[in-house]
Amino acid sequence: MEYNLADLFESVVDVVPDREALVHIDHPGSGAERRLTYRQLDRAANRLAHHLLDSGVRQGDHVGLHLYNGVEYLQTVWACLKIRAVPVNVNYRYVEEELIYLYRDADLVALVFEAEFTARVAAALPHTGTLRHLIRVGDAPEGAPEPGVTPIAFTDAEAAGSAERGFGPRSADDQLIIYTGGTTGMPKGVMWRHEDLFFSGLGGGAPTGEPVKRPEELAERVAAGGEGIVFFPTPPLMHGTSTLTAFIGFNFGQKVVIHRKFAPEEVLRTVAREKVSSISLVGDAMLRPLVDALAGPLRGTDCSALFSVSSSGAVLSETVSAQFRALLPHVTLLNNFGSSESGFNGTATDDSGPAKGFRLRVNDRTAVVDPATHEPVAVGVPGRIAQRGHVPLGYYNDPKKTAETFFQARGERWVLLGDMATVDEQGVLTVLGRGSQCINTGGEKVYPEEVEQALKAHPDIYDALVAGVPDAKWGNRVAAVVQPRRGADPLTLDAVQQHCRARLAGYKIPRSLVLADRIQRSPSGKADYRWAKTVAGGGQPGERAGGAGA
């Protein structure tokens, strides 16, 4: 047995077949739900896997998952991994042109898609050269154009396949591809070997403990342990963090709960009903609505079983974190740092915040290096965060970007992340922000994340993004796009600048302000900086306030 994700999953199934594995609540509040044991989930995946084989999908072929959260999503992932095909996540917010790019870039041969997206799939399909098999979940909307390749219903595909395994041997070198969010550019497919992903993204079977030393040890630990831990990944499964959280739950042989879509009040009701132990989410965009619900209509919700809430993919602000801790002081709040290219890197320190910056205690595989020489930087010198050891193979279909991002140094393979940071004498990193978003204003560097942290500490600001826009005097100026709280007093640039002066150096203070009805983010809560830059630069109508420099 090797460190193959499908082999590892099947080994867990074999020791706890009758334990509840997956609970899917389709439409929160409707009462519609599905519950599967480990045996049932395994057999459901087997049926779809055999259908894919019978349809000509072979080892190494790429299968797209264009789906909302549901049993079908995880069932399809396991089906692909069982036959050594490569599952590929598809952002369900993408429209025709974006889908054409991703379908083609990923060389998809098969696609499992939500019926709601039928028209988009039909529009994109003629522009792809390899996509030849479609499986549709649900009934197509009335009047929607049918794709040129006739889709088979997911229920029919599942019914056609055998529930038994009967698959050939697999390898630790089998792949899974995670497409990045594409919020700062076109999305890229990160190619992971199963073994590397198991150790970098899944903690080697024990994210908070000692990784397993043999593949067989995973099931041995599950057999020796008990049940009762409930994992609840709340972002879309097409966001890598959410799928990896589900994998971690399965590696422990525990229950995983998913909702079709994120609805904060229903999340809390599920926490109480299912006795959820651990929630994963993405930044303030998800935690703040939960805090508002806990402080308002869902005050008093039974969260006694909850012991951890972890965020990754977006930094939690100090203000929202403090509000959450005041409401649920018994729950550990983890402000994690990681990426599609590195898996998990570390967790924010207790003193992380606007005063000291986003400080990160990292694992021993993470360092700050000079992006040109790849040598570790000196204490206090800015560099790029990098990780060694179990790192991806590269970007699919992009050898140039792969060569820029992955390198060999000191006898190991490394990945160079986009985030800038410094390191102190104790090895603690202070994350400055993504280098690609850094604003050069009058020769000074400003990282949007730091300004956003300060803005979100304002009691009348619900959410904020910061971008650089052209300025005749400064080259670029710091511009804030802000979503005010409902019922708050009108925000002015002067008030926002005064608030920031106590928290930021003068050159970091926003010089222009745009008020927006909402901040545009990905479905997982990640920042959309392309949108922010357009809005901040006047590319869309909105309420704007101008003012003198700080």
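It should be noted that the structure appears before, not after, this text.
Report on the accompanying structure. (Residues numbered from 1 in each chain as written. Predicted model: local features only at pLDDT ≥ 70, side-chain atom pairs only at ≥ 80, totals over all residues. Heavy atoms only, no water.)

**What about the pattern of salt bridges?**
Formally: In what follows, salt bridge is the name for a side-chain nitrogen of Lys or Arg lying within 4 Å of a carboxyl oxygen of Asp or Glu. Helical segments are the DSSP runs of H or I of at least four residues, strand segments are the runs of E of at least two, and each set is numbered from the N terminus. Three labels apply to residues, based on accessible area from a 1.4 Å probe with only protein chains included: buried if under 20% of the type maximum, exposed if over 50%, partly exposed otherwise in between.
Per the counting criterion, the structure on display carries 44 salt bridges. With a closest N to O distance of 3.7 Å, arginine 485 and aspartate 292 form a salt bridge. Here arginine 485 is found in the loop between β26 (475-484) and α15 (493-501), whereas its partner aspartate 292 is found in helix α11 (residues 283-295), with 193 residues between them in sequence. Judged by relative accessible area, which is 23%, arginine 485 ranks as partly exposed.

**Some thoughts on the pairing of strand β22 (residues 429-434)**
In plain terms, the rule: At least two DSSP bridges between two strands are required for those strands to pair.
Here strand β16 (residues 358-362) pairs with β22 via three bridges, running antiparallel. Note on β22: the bridge partner recorded for leucine 360 is leucine 429. The pairing of strand β21 (residues 412-423) with β22 spans five bridges and is antiparallel. Following the sheet pairing, alanine 421 is matched in β22 by valine 431. The loop that links β21 with its antiparallel partner β22 comprises five residues; one of these, glycine 427, has a positive phi angle of about 85°.

**Observations regarding the packing of helix α1 (residues 5-15) against helix α3 (residues 71-82)**
Selection criterion: Here, axes are lines fitted to C-alpha atoms. For helices the fit covers the stretch in contact, and angles between N-to-C directions go from 0 to 180 degrees. Our angle categories are set so that under 35 degrees counts as roughly parallel, over 145 as roughly antiparallel, 65 to 115 as roughly perpendicular, and the remainder as oblique. Left-handed is the label given to a crossing in which the near helix is rotated counterclockwise from the far helix by less than a right angle, and right-handed is the label when the rotation is clockwise. Between two residues, a contact is recorded if the distance between any of their heavy atoms is within 4.5 Å. Side-chain classes are defined by residue name, with Ala, Val, Leu, Ile, Met, Phe, Trp, Tyr, Cys and Pro counting as nonpolar, Asp, Glu, Lys and Arg as charged, and the others, Gly among them, as polar.
Where α1 contacts α3, the two axes come as close as 8 Å, and the packing angle between them is 115°. In this view, α1 runs roughly perpendicular relative to α3, as classed from their interaxial angle. For the pair α1 and α3, the crossing hand works out as left-handed. On the side of α1, the interface is formed by Leu5, Ala6, Phe9 and Glu10, while α3 contributes Trp78, Leu81 and Lys82. Across the contact of α1 with α3, the residue classes break down as five nonpolar, no polar and two charged.

**Examining helix α12 (residues 318-327)**
This is how it is decided: Note: the arc covers the axis-to-C-beta directions of the helix.
Of the residues making up α12, those classed as buried are Val320, Ser321 and Phe324. The buried residues of α12 occupy one face: seen down the axis, they fall within an arc of 100°. Those residues of α12 hidden inside the fold are in contact with α11, β13 (308-311) and β14 (332-339).

**Some details on the packing of aromatic side chains**
Describing an aromatic ring pair means giving the distance of the ring centres and the angle of the ring planes. Short version of the rule: Whether two aromatic rings pair depends on their centres lying within 6.5 Å, for rings of Phe, Tyr and Trp, where Trp uses its six-membered ring; planes under 30 degrees apart make the pair stacked, over 60 edge-to-face, and the rest tilted. Consider the ring centre and the ring normal. A charge sits over the ring if Lys NZ or Arg CZ is within 6 Å of that centre and within 35 degrees of that normal.
Counted by the stated rule, this structure contains 16 aromatic pairs. Summarising the aromatic geometry, the rings of tyrosine 3 and phenylalanine 199 are spaced 4.9 Å apart at their centres and angled 75° between planes, so their arrangement reads as edge-to-face. In this pair, tyrosine 3 is assigned in the segment before α1 and phenylalanine 199 in helix α7 (residues 194-200), connecting sequence segments 196 residues apart. With respect to class, tyrosine 3 is no different from phenylalanine 199; both count as buried. Three or more aromatic residues link up through ring pairs in this structure, and these residues are Phe9, Tyr38, Trp78, Phe247 and Phe250. Across the ring face of tyrosine 395, the terminal group of lysine 188 is positioned such that the distance to the ring centre comes to 5.5 Å. The residue whose ring lies beneath arginine 288 is tyrosine 462, and the NZ or CZ to ring-centre distance is 5.2 Å.

**Looking at the pairing of strand β12 (residues 278-281)**
Here β12 shows a buried face lined by Ser278 and Ser280 and a second buried face lined by Ile279 and Leu281. The sheet contact formed by strand β10 (residues 230-233) and β12 spans three bridges and is parallel. Looking at the pairing, phenylalanine 232 lines up with isoleucine 279 of β12. Pairing of β12 with β13, which is carried by four bridges, proceeds in the parallel orientation. Residue pairing in the sheet places serine 278 in a bridge with serine 308 of β13.

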